[in-house]
Amino acid sequence: MDTIMELKKIKNPWLHKTGYNCICCSPTNPIGLHLEFWEDGDDVITRWKPSAHYQGWLNTLHGGIQSMLLDEVAGWVVTRKLQTTGVTSKMEVQYLKPVSTLDEGLTIRARIVRQMRNVAFIEGEIINYAGEVCSKAALTYFCASKQKAEEEMGFTGCELEESEYDKFRREQMEQFEDDITEGRCYPEMPEGQFIRSK
């Protein structure tokens, strides 16, 4: 299983939107799940630790919560991979194994398996801490045109956060470019002379 540090975190493009209060991904919803999302190749994933507040039967995660998790990560697949917005038009869930509300942490992941014009077919699954697939979903998403997504929802794109390594590399390049501009990198050499490595 990948660690969060190895994955690319997706920036939430809705944080600026007035009235944004999604029960799944809004960081300010007082009863929300506060999900964050990462890109892992073709997949979008989220991690979440369930609790007894979300149970159906004793120590068992409610099937509706499982559906909500699968639907949400599929929505983020559309947002990140297709750079637009969409709505769920169909969702079929297979409950393969009970999900314990005592589980140390769930991984929910999804990917596009097929696309036809403005319709995306997405598959996702909920995986428990032991690595077992507990639920699977096949979803059909109706995707808005990029123009409609911008005009009606204010969506202008969904980017990745800069990793610490990428930030370090960018800062090093900026420093190098400044050094060259200021003449701090290499001493001026008389014409025809070269620096030789030892």
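Quick caveat: nothing in here was measured; it's all calculated off a predicted structure.

(A) Layout of the sheet that holds strand β4 (residues 86–95). Here we have seven strands laid out as an open sheet, ordered β1-β2-β3-β5-β6-β7-β4, and antiparallel in their pairing. Across the chains shown, the open sheet's two edge strands, defined by having one partner strand only, are β1 (8–9) and β4. As defined by bridge partners, strand β5 (residues 106–116) adjoins strand β6 (residues 119–127) across nine bridges and the pair is classed as antiparallel. Paired with R109 across the bridge in β6 is E125. Along the sheet, helix α1 (residues 63–81) makes contact with β2 (38–40), β3 (43–48), β4, β5, β6 and β7 (133–143), crossing β7 at roughly 50°.

(B) A look at a nonpolar patch on the surface. A contiguous nonpolar surface patch, about 270 Å² in accessible area, is contributed by M173, F176 and I180. As for its position among the elements, F176 is in helix α3 (residues 164–182).

(C) Local environment of the nonpolar core. Core analysis: the largest hydrophobic core is formed by 36 residues, its most contacted members being F37, W48, L69, W76, I108, I122 and Y141. For this core, the secondary structure elements donating two or more residues are β3, α1, β5, β6 and β7. Among the elements that take part in this core, α1 stands out by supplying eight residues, more than any other. Excluding its chain neighbours within four sequence positions, the residues that come into contact with I108 are V44, I45, T46, W48, L69, L70, V73, E125 and I126.

(D) The arrangement of the pattern of salt bridges in detail. Within this structure, the stated rule accounts for eight salt bridges. Two residues, E39 and R80, come together in a salt bridge whose shortest N-O distance is 2.8 Å. Taken together, the residues E39 in strand β2 and R80 in helix α1 connect sequence positions 41 residues apart. Like R80, E39 is buried. Between R109 and D43 there is a salt bridge, and its shortest N-O distance comes to 2.6 Å. Within this pair, whereas R109 is found in strand β5, its partner D43 is found in strand β3, the two being separated by 66 residues in sequence.

(E) Focus on the pairing of β7. Relative to β7, β4 is paired through nine bridges, and the arrangement is antiparallel. Bridge pairing in β7 links M91 to L139. Here β6 pairs with β7 via nine bridges, running antiparallel. The residue of β7 that forms the bridge with A120 is Y141. Count of turn residues in the β6/β7 antiparallel hairpin: five residues, of which G131 carries a positive phi of about 90°.

(F) Structural view of unusual backbone geometry. You will see that N59, though not glycine, has its phi angle at about 55°, which is positive. By secondary structure assignment, the location of N59 is in the loop between β3 and α1.

Conventions and cut-offs
Residues numbered from 1 in each chain as written. Predicted model: local features only at pLDDT ≥ 70, side-chain atom pairs only at ≥ 80, totals over all residues. Heavy atoms only, no water. Pairing = 2+ DSSP bridges. Helix = DSSP H or I, 4+ residues; strand = E, 2+ residues; numbered from the N terminus. Contact = heavy atoms within 4.5 Å. Axes fitted to C-alpha atoms, helices over the stretch in contact; angles between N-to-C directions. Patch = residues over 30% accessible without salt bridge, like charges linked within 9 Å, V, L, I, M, F, W, Y side chains within 5 Å. Areas by Shrake-Rupley, 256 points an atom, 1.4 Å probe, with all protein chains shown as cover. Salt bridge = Lys/Arg side-chain N within 4 Å of Asp/Glu carboxyl O. Core = buried A, V, L, I, M, F, W, Y, C linked by side-chain atoms within 4.5 Å. Buried < 20%, exposed > 50% of the residue type's maximum accessible area, 1.4 Å probe, protein only.

Such coordinate-based values are descriptive only and should not be taken to indicate function.
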